Amino acid sequence: MTDTVSIPLAKRRDAILAELAQAASPPPCLVAVSKTQHDEKIDAILAAGQRVFGENRVQEAQAHWTERRRQYPDLELRLIGPLQTNKADDAVALFDVIETVDREKLARALAKAIAKVGRTPRIFIQVNTGEEPQKAGVTPDGLEALLKVAVEECGLDVQGLMCIPPVDEPAGPHFALLAKLARRQGLRGLSMGMSGDYTLAAQFGATHVRIGTALFGAR
Ligand SMILES: *Cc1c(COP(=O)(O)O)cnc(C)c1O
């Protein structure tokens, strides 16, 4: 039987990994964005060896991963979508990394959830590098104050920064800004780059690229 699902997916994954290896040394970690994907594709990419996944909704992530986590104890699950404070407990219980902390209230809710649930996800701060009014993320100017609260007051394990550049602008300056902000704050993690610009992000020092469409096909 021709395997129409897993072969193309595994090949696409190999091709992306090769491009990332060409673009930067060491290459960034490939975060497979599995939101809205069907079970057969998720299982195929797991079979190909992928273990790091990004999801942007807590409930959908629970559906995708609660069972699979038992089967694949080496999974790393990353929340890349906005988080409401009333879902902090669920997010802390499921995710290994929460990339979208962008306000003090959420930092405090996560600190409470961590104490209650007894897991300690690593944290990235989402920065609204384009200062778009409708977009999540702390402004570049607000980053330092938020970090102070998140680290010193809340004790969160902040490891990096994340951004989603404006769709209608070249991404390079936004990647450069995020890298500069991280350097200034002594943070090593840089989650930036999606299907359209992951090699560029790698060249700007991304440690994690979040790829959905280019890996799984159109959603
Ligand atoms: C959906 C999503 C991605 C992946 O987008 P593609 O363009 O499909 O690669 C990356 N980051 C975030 C925050 C997303 O919501």
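Structure's up top.
Okay, so let's go over this structure. Going along each chain's sequence as written, the residues are numbered from 1 onward. Residue-level local features of this predicted model are given only where pLDDT is at least 70; pairs of side-chain atoms are given and counted only at 80 or more, and the full residue set underlies all totals for whole chains, interfaces and linings. Heavy atoms throughout the structure, all of them, feed into the side-chain values; hydrogens and water do not.

## Things to note about the nonpolar core
Then, in step 1: Take the buried residues of types Ala, Val, Leu, Ile, Met, Phe, Trp, Tyr and Cys, join any two whose side-chain atoms come within 4.5 Å, and each joined set is a nonpolar core. The classification of residues rests on relative accessible area computed with a 1.4 Å probe and restricted to protein chains. Under 20% of the type maximum is buried, over 50% is exposed, and intermediate values are partly exposed. With 63 residues, the main nonpolar core has Trp65, Phe95, Ile98, Leu110, Ile125, Leu156 and Leu161 as its most contacted residues.
Then, in step 2: Secondary structure elements follow DSSP: runs of H or I of four or more residues count as helices, runs of E of two or more count as strands, with numbering from the N terminus. The leading source of residues in this core is helix H6 (residues 104-117), at six residues.
Then, in step 3: We call two residues contacting when some pair of their heavy atoms lies within 4.5 Å. Once you skip the residues sitting within four places of it in the chain, Trp65 turns out to touch Ser34, Ile42, Leu46, Phe53, Glu55, Leu75, Leu77 and Leu94.
Then, in step 4: Counting five residues, the second largest nonpolar core, distinct from the first, contains Ile80, Val97, Phe124 and Met162.

## Things to note about the state of the cysteines
Then, in step 1: The disulfide criterion used throughout: a pair of cysteine sulfur atoms within 2.5 Å. Within the structure shown, the criterion is met by zero disulfides.
Then, in step 2: With no disulfide of its own, Cys163 lies 17 Å from the sulfur of Cys29, the closest cysteine sulfur.
Then, in step 3: On the accessibility criterion, Cys163 (0% relative accessible area) is buried.

## Details of the side chain of Glu55
Then, in step 1: Position of Glu55 among the secondary structure elements: in strand E2 (residues 52-55).
Then, in step 2: In summary, the charge assignment counts Lys and Arg as positive and Asp and Glu as negative, without counting His or the chain termini. Throughout this description, the term salt bridge denotes a Lys or Arg side-chain nitrogen within 4 Å of a carboxyl oxygen of Asp or Glu. Despite its burial, Glu55 pairs with no opposite charge, the nearest such side chain being Arg68 at 7.5 Å.
Then, in step 3: In the analysis that follows, any N or O atom pair within 3.5 Å is treated as a polar contact, provided that within protein one partner can donate a hydrogen and the other can accept it, and provided that, for residues neighboring in sequence, both atoms belong to side chains. Among the polar contacts made by the side chain of Glu55, one reaches the side chain of Ser34 at a distance of 2.7 Å.
Then, in step 4: Setting aside anything within four residues of it in sequence, one finds Glu55 in contact with Ser34, Lys35, Glu60, Ala61, His64, Trp65, Arg78, Leu79, Ile80, Gly81 and Phe95.

## Some points on the site of the ligand
Then, in step 1: Around the ligand lies a shell of 13 residues, among which Lys35, Ser195, Gly212, Thr213 and Arg219 are the nearest.
Then, in step 2: Within the side chain of Asn56, a nitrogen or oxygen atom sits 3.5 Å from an oxygen atom of the ligand.
Then, in step 3: Burial of the ligand by the surrounding chains reaches 88%, relative to a free accessible area of 390 Å².
Then, in step 4: Residues are sorted three ways: Asp, Glu, Lys and Arg are charged, Ala, Val, Leu, Ile, Met, Phe, Trp, Tyr, Cys and Pro are nonpolar, and all the rest, Gly among them, are polar. For the shell around the ligand, the class distribution of residues is six nonpolar, four polar and three charged. Nearness is judged by heavy atoms alone; a residue qualifies as near a molecule or strand once a single heavy atom is within 4 Å of it. Here, Shrake-Rupley sampling with a 1.4 Å probe gives the accessible areas, and only protein chains in the shown set may cover a residue.

## Some words on the side chain of Ser34
Then, in step 1: Secondary-structure assignment places Ser34 in the loop between strand E1 (29-33) and helix H2 (39-47).
Then, in step 2: What makes Ser34 buried here is its relative accessible area of 0%.
Then, in step 3: Excluding residues that lie within four positions of it along the chain, Ser34 makes contacts with Ile42, Phe53, Gly54, Glu55, Glu60, His64, Trp65 and Phe216.

## Remarks on the pairing of strand E8 (residues 208-211)
Then, in step 1: Across the two faces of E8 the burial is the same, with His208 and Arg210 and Val209 and Ile211 all buried.
Then, in step 2: Strands pair, by our definition, only if DSSP identifies at least two bridges between them. When E1 meets E8, the two strands line up parallel, connected through four bridges. Bridge pairing links Cys29 to His208 in E8.

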